[in-house]
Every structure is written in C-alpha cells, then in structure tokens.
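# Commentary on secondary and tertiary structure
Given next are the chains, with one letter for each unit.
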Amino acid sequence: MDEAGWPRVFHLLFYTCLAMAATIAALRDGLDVAALTLTALMAGWYAFFIVRKPALLERLNPMALHFLVLTGLNCALVMANSAYQSMVYGMVALPYLLLPGVWGYAGAVLLVLSSVAATGAFQAIPEDPSLLAFVVGNMALTLIMGLFTKDLVRHSEQSRIVGALEERARLAREIHDTLAQGFSGIIAQLEAAEQGGDDPEAVRKRIAQAKQLARDSLKEARRSVDALRPEPLERAPLHEALKGVAERWSAATGVTATVSVDGEPRRLPEDVEATLLRAAQEGLANVAKHARAGRAVLTLSYMEEEVTLDVLDDGAGFDPAGTGGGYGLVAMRERAARSGGTVTVESALGEGTALCVSIPCA
C-alpha cells in the first residue's frame, strides 16, 4: 500500500468503531439524543478537520487541538454510554497519525488514561487491583500499536524513495547512453566542419549532420524529462501547481487561463499528479500555438474512483481525426495509459476544443 493509503485505513477504522458503538448503544439502551448529538459532532469534527486536511497531519499546530477535542468528545461519550468504550480501538492510531514524533506517544498515553478515567475504573482499583493490570495492558498495547503504525508509514515512505532512486538511476543510464553520445557526435561533426573550410559542400554536410544529431538529442532529452516528477509538484499540491502553470502561461501569452477544482483535493500517486500536470502544460501549449483563443479554463475534478482534468478553450477548434497523431497528443495518451488513464479530445472548426484526461485513483 502506498504512503497515502494508510491514513485512509485509519479513517475507516475510526468511523467503523464509531458506527458500531452508536448502533450497540441504540439497540441496548434506546435512542439517546445527547449521545447521538455528540456522535454526530465527533464524526463531523473528524471529517472536517482531519480527513479534509491531509497536508496538516503530523503538525503539532493545529492537530494537537483537534486531537484534544476528539479525546474530550470520546470521554463524554464513554460517560454517556459504556458502549462507546470500544472507540478506543478506533482511535488507537489517531495520536500517531495526527501528532509528530514523541508527541504521538504522549497523545496515546493521554487517550488511554482519559478513556479509563471516563469509565470510573481508577476509583475501583483499590477494590479490584486487577483493573490496574488492565490499564497497564491497554497502555502497552497502544504504545506497541504506535511502533507498528510508524513502521508502516516509514516503510511506505522508504519504498517510495527507493522507487524514485531506481527511476533516477535508470534515467541517468539513458542520458549517458543516448544524450552523451549525441553531444559527442555533434562536437565531432562541428570539428570536422571547422577543418573543411576549403570545401563548402563538405562543411554544409557536416553542419546538417550536427543539426540532425542535435534534434535527435533534444527529442531524447524531452522523452527522459517527461519521466521525472515535475518541479512545480515539489513545491505545492497538484491544484496549486496547476494554478501556477495557468498564471505563468497567461502572463506569457496574454490569454486568460483560470483553474477550478471540483471535489475535495487529496494527495494522489506521484505518477498520476505528474501526468495531469504535464497534460495541462501540453494542453495550454496547444492552445497558444493553434487555437487563437481568448480564454482557457482548466477544471480538476476529484471523484471517488477517478480524477479528471479538463482543458477547454474558445478558440478556432480543429478536426481531431486530421491531426496526424501530433507529438503532444500521442505523448499525452502514452503517459496517461501508463497510469491506467485515457485522453479524449472533442473539437470542431470554430467551436473551440475540449481536452479531457481521466485517470483512476481508487
């Protein structure tokens, strides 16, 4: 599972335990408006401040506050109905998901102690010392869960880094085997042309060969660079990177380009984000070269099982069947296909162009 997959598992665990506790409480003791209100508040708080803010995970500010609020709501629910004691299992990974470093372990201790206190078990320890063993056991289990959780996330991150290093090593080999040889050939041809000054035809021939080698090397460079993670994605999430691309393109062309986002932005696999960003860049480049448009609109849509990018313009349009498989569309389709996606183009003369890139990400 990738690095972004584990938080989704922990979110599912949280909501499953919350739903089970609420169901058991309702079936056993009937509907309790106060408990149901607290349950809804806890579910909403978690959804709004945790699920919707993946970029803020493991940041002490503001996640410490959200953790304290959720811990307080959990205590209130346990005091309202003992069925909610099972929520501790749904929250066992929460401190490690929200808080950085040793703060995660401190949060785990606070979670266990507050849950035990809410049940009134501390007051019963003098009469039943075995409860102390229960508290210590829960504490140890929660701390061990922390080690397991952090190891899972660390392993996912290491796998991602190893994959990136392997890809960079592959690209380095390609550059050495193709571009370096191409540049060496260009130098050789230019040196030969320099030495053939008395034969204009030989000089022209050498220069033509050097130019062809340069074109071939440029083509190889573009192909290799397409496999790298785009630089804008190193500095910002996808939707912000797209806005930066649109702003720079508008400044360069004088044509207005806007970006809108449908759905809640979330982290996507690196190859998916890179494919969508490259598609936006290529789509806007085509608008600048061919469309004679007055406006371009990029729409990034996050759906449950896929993400789509639409690039629309109000330009001259063209016949998609008559493009002859231009480099831009061919490369875009190949790149999307590597991520399991598709590229569709709808256009007609005088009616603008609609480019859509759709990639599954469930």
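Up top you'll find the structure we're talking about.
First, a word on what this report is: a plain description of the structure on this page. Please read these numbers as outputs of a predicted model, since none were measured by experiment.

Further remarks concern the overall build of the protein chain. Helix and strand content of the protein chain: 13 helices and five strands. Relative to its full complement of 362 residues, the protein chain shows a buried share of 37%. In the protein chain, 71% of the contacts between residues at least 6 apart in sequence involve partners at least 24 apart. Roughly 19,700 Å² of accessible area belongs to the protein chain as shown, and the carbon and sulfur atoms make up 62% of that amount.

With that settled, the discussion passes to the pairing of strand 4 (residues 342-347). Along strand 4, the buried face is formed by Val343, Val345 and Ser347; none of Thr342, Thr344 and Glu346, which line the opposite face, is buried. Sheet topology note: the strand 4/strand 5 (residues 353-360) ladder contains six bridges and is antiparallel. Following the sheet pairing, Thr344 is matched in strand 5 by Cys356. Counting the residues that bridge the hairpin from strand 4 to strand 5 gives five residues, and of these Gly350 lies at a positive phi of roughly 80°.

Turning next to the sheet that holds strand 2 (residues 295-302). Strands pair in a sheet through their backbones, by hydrogen bonds, and they do so in one of two ways: parallel or antiparallel. Across the sheet, which stays open at both edges, the five strands sit in the order 1-2-3-5-4 with mixed pairing between neighbours. The strands lining the two open edges of the sheet, one partner per strand, are strand 1 (256-262) and strand 4. Sheet twist, expressed as the average angle between the axes of neighbouring strands with direction ignored, equals 15°. Here strand 3 (residues 306-313) runs beside strand 5; their pairing, made up of eight bridges, is antiparallel. Looking across to strand 5, one finds that Val311 is bridged to Leu355. Helix-sheet contacts for helix 11 (residues 238-253) involve strand 1, strand 2 and strand 3, and the interaxial angle to strand 1 is about 170°. Here helix 12 (residues 270-291) sits on the sheet and contacts strand 2, strand 3 and strand 5; the angle it forms with strand 3, its principal contact strand, is near 10°.

Right, let's talk about the pattern of salt bridges for a bit. Tallied over the entire structure, the rule returns three salt bridges. Asp29 is the salt-bridge partner of Arg28, the closest N and O atoms lying 3.1 Å from each other. By relative accessible area, which is 47% here, Asp29 ends up partly exposed. The shortest N-O distance in the salt bridge between Arg204 and Glu201 comes to 2.8 Å. Here Arg204 pairs with Glu201, and both are found in helix 9 (residues 200-225), just three residues apart, close to one helical turn.

Taken together, Leu60, Val102 and Trp103 make up a surface patch of nonpolar side chains, about 310 Å² in accessible area. Counting through the fold element by element, Trp103 comes out in helix 6 (residues 102-119).

In the contact formed by helix 2 (residues 33-51) and helix 3 (residues 60-80), the axes pass within 10 Å of each other and the chain directions differ by 160°. Relative to helix 3, the element helix 2 lies roughly antiparallel. Pair helix 2 / helix 3 crosses with left-handed handedness. On helix 3, the residues that touch Ala35, Leu38, Thr39, Leu41, Met42, Trp45, Tyr46, Phe49 and Ile50 of helix 2 are Met63, His66, Val69, Leu70, Leu73, Asn74, Ala76 and Leu77. Of the residues that constitute the contact of helix 2 with helix 3, the class distribution is 14 nonpolar, three polar and no charged.

The rules behind the values
- Residues numbered from 1 in each chain as written.
- Predicted model: local features only at pLDDT ≥ 70, side-chain atom pairs only at ≥ 80, totals over all residues.
- Heavy atoms only, no water.
- Helix = DSSP H or I, 4+ residues; strand = E, 2+ residues; numbered from the N terminus.
- Buried < 20%, exposed > 50% of the residue type's maximum accessible area, 1.4 Å probe, protein only.
- Contact = heavy atoms within 4.5 Å.
- Areas by Shrake-Rupley, 256 points an atom, 1.4 Å probe, with all protein chains shown as cover.
- Pairing = 2+ DSSP bridges.
- Axes fitted to C-alpha atoms, helices over the stretch in contact; angles between N-to-C directions.
- Salt bridge = Lys/Arg side-chain N within 4 Å of Asp/Glu carboxyl O.
- Patch = residues over 30% accessible without salt bridge, like charges linked within 9 Å, V, L, I, M, F, W, Y side chains within 5 Å.
- Parallel < 35°, antiparallel > 145°, perpendicular 65-115°, else oblique.
- Left-handed = near helix turned anticlockwise from the far one by under 90°.
- Nonpolar A, V, L, I, M, F, W, Y, C, P; charged D, E, K, R; others polar.

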